[in-house]
Amino acid sequence: MCTNDDDEHDMTASCDRVRSGLRRRRAAAAWLPAVLLAAPPLASAAGELPRIDATTSLLVVAPHPDDETLCCAGVIQRVVEAGGRVSIAWITSGDASTLEMLLVEKRLFAAPRELRALASRRMEEARAASSLLGVRSSGQLFLGYPDRGVLELLTRHYRSVYTSAFTESAAVPYPDTLAAGHPYTGESLERDFDAVLTRTRPTLVLAPSPRDTHPDHEGAALLTLRALRRRGELGLLRCWIVHGGEGWPSPRGLYPGLPLSAAPRIPHPAASSFELTAEEEDRKLAALRAYGTQLEVMAPFLLAFVRTTELFWPAP
């Protein structure tokens, strides 16, 4: 189903419209040039996901609200359907999103309090999106570390406190996060992330690839690799990518009849392709629609991830 308990009637109607639109687009996709439809073959190598069943405990590591839906919505739904447990750890709350302020609010500069308010809105969007995918509130875990500062914390500010140039915060300013009040240092972030691993006891971890060109994604990858290596659990990790090369994913926009093409920054023979059902694809789009702040400024890019497949690579 594509409903929740709070507003079942309205959500059902909304999802019926989504499904209807997707059916039309799938039919249209059949007429696209063959060059767009013929994605390179992806071998099932070490990146192949383990068997998903009721014993699966999935942890998705998301640098920002929306990353979990872009790259892992199909797997999340499959684990929920199998009776497994899903947790999402959002490292930041997206509080450096000045582009939204420029394009939506029509203002060049945003006050720190406005960016903190935007982060609160993005967390609400994340709760709505993940709930649509079947993730319980107990599995929606926000850390609240600085947007555009994750890699800085794990390198130059491992022990020295980092102050966000956007929110002017030197500690997690959001009371409804797991790390509220914790200092902006890499040491603190690693400690909080290790607590998430202990709390969720994952059997599968999906996190960004260190080849992702966004520094927060690279930082989240480094954070995950370090933590799992210390625990001797690196074999649990599979990687995904959002910023995978210029012009990727291609074509931009909503073409749900197409598979996701190989990312230029990662050799595709090592990738594993996870195929979504039509219903999973529909629900992924519905979840992505919950991110109104992001769709207003980068819809063609975000919608390009609503494809028939999701791609994963082995840990480096």
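In the block above lies the structure referred to throughout.
Residues numbered from 1 in each chain as written. Predicted model: local features only at pLDDT ≥ 70, side-chain atom pairs only at ≥ 80, totals over all residues. Heavy atoms only, no water.

Right, let's talk about the packing of aromatic side chains for a bit. What describes a pair of aromatic rings is the distance from one ring centre to the other and the angle between the planes of the rings. Throughout the structure, instances matching the rule amount to four aromatic pairs. Measuring from centroid to centroid gives 5.6 Å for W248 and F305, while their planes differ by 85°, and the two rings are edge-to-face. One end of the pair, W248, is in the loop between β5 (237-240) and β6 (272-275); the other, F305, is in the loop between α10 (292-303) and β7 (309-314), and 57 residues separate them in sequence. The pair formed by W248 and F305 is uniform in burial state, with each residue classed as buried. Where F301 meets F305, the ring centres are 5.4 Å apart and the plane angle is 85°; that geometry is what we call edge-to-face. Each member of the aromatic cluster is reached from another via a ring pair, and the members are W248, F301 and F305. (Phe/Tyr/Trp six-rings, centres within 6.5 Å; stacked < 30°, edge-to-face > 60°. Helix = DSSP H or I, 4+ residues; strand = E, 2+ residues; numbered from the N terminus. Buried < 20%, exposed > 50% of the residue type's maximum accessible area, 1.4 Å probe, protein only.)

One open sheet holds the seven strands; their spatial order is β3-β2-β1-β4-β5-β7-β6, and the pairing between them is mixed. At either margin of the open sheet sits one strand with a lone partner, and together these are β3 (140-145) and β6. When the angles between neighbouring strand axes are averaged without regard to direction, this sheet yields 25°. Against the sheet, helix α5 (residues 112-132) touches β2 (85-92) and β3, its axis set at about 155° to β3. In the packing of helix α7 (residues 186-200) onto the sheet, contacts are made with β1 (57-62), β2 and β3, and the angle to β3 comes to roughly 175°. (Pairing = 2+ DSSP bridges. Axes fitted to C-alpha atoms, helices over the stretch in contact; angles between N-to-C directions. Contact = heavy atoms within 4.5 Å.)

Attention now goes to α5. Taking 1.5 Å as the rise per residue, α5 with 21 residues should run 30 Å; its terminal C-alpha atoms sit 31 Å apart, in good agreement. Positioned one or two residues after α5, G134 has a phi angle of 100°, which is positive. (Expected span 1.5 Å × (residues − 1).)

As for its placement among the helices and strands, W240 is situated in strand β5. For W240, a relative accessible area of 0% puts it in the buried group. Through-space distance from the C-alpha of W240 to that of L70 is 9.8 Å; in sequence the pair is 170 residues apart. One polar contact links the side chain of W240 to the main-chain carbonyl oxygen of L206, over a distance of 3.4 Å. (Polar contact = N/O pair within 3.5 Å; in protein donor to acceptor, adjacent residues only side chain to side chain.)

Turning next to the environment of A220. Along the chain, A220 turns up in helix α8 (residues 215-230). Relative accessible area serves as the criterion here: at 0%, A220 is assigned to the buried category. Separated by twelve residues in sequence, A220 and P208 have C-alpha atoms that sit 6.6 Å apart.

This paragraph deals with the pattern of salt bridges. Tallied over the full model, the rule gives 13 salt bridges. Of the charged contacts, one joins R127 and E124 as a salt bridge, the two residues approaching to 2.6 Å between their closest N and O atoms. With R127 and E124 both in helix α5, this residue pair falls three residues apart, about one helical turn. The class for R127 is buried, based on a relative accessible area of 18%. Among the ionic contacts, a cluster of salt bridges with common partners joins E124, R127 and D176. (Salt bridge = Lys/Arg side-chain N within 4 Å of Asp/Glu carboxyl O.)

Before going further, it helps to spend a moment on the pairing of β7. Remark: a regular strand shows side chains that alternate across the two faces of the sheet. In terms of burial, β7 is a largely internal element, five of the six residues being buried. As judged from the two bridges shared by β5 and β7, these two strands associate in the antiparallel manner. Its bridge partner being in β7, C239 is matched across the sheet by W313. One ladder, built from four bridges, connects β6 with β7; its direction is antiparallel. Residue pairing in the sheet places S273 in a bridge with L311 of β7.

Turning our eyes to something else, we now look at the nonpolar core. If you look at the biggest cluster of nonpolar residues, it comprises 77 residues, and the most contacted ones within it are L58, I76, I91, L189 and L206. Counting residues per element, this core draws most heavily on helix α3 (residues 67-82), at seven residues. Those residues within four positions of L58 in sequence are excluded, and the remaining contacts are V75, I76, V79, R85, V86, S87, L204 and L206. (Core = buried A, V, L, I, M, F, W, Y, C linked by side-chain atoms within 4.5 Å.)

The next subject is the packing of helix α9 (residues 278-289) against α10. The packing of two helices is summarised by the inter-axis angle and the distance between the axes. Between α9 and α10, whose axes approach to 10 Å, the crossing angle comes to 140°. The pairing of α9 with α10 is recorded here as oblique in orientation. Between α9, through L285, L288 and R289, and α10, the contact on the second element is made entirely by G292, L295, L302 and L303. (Parallel < 35°, antiparallel > 145°, perpendicular 65-115°, else oblique.)

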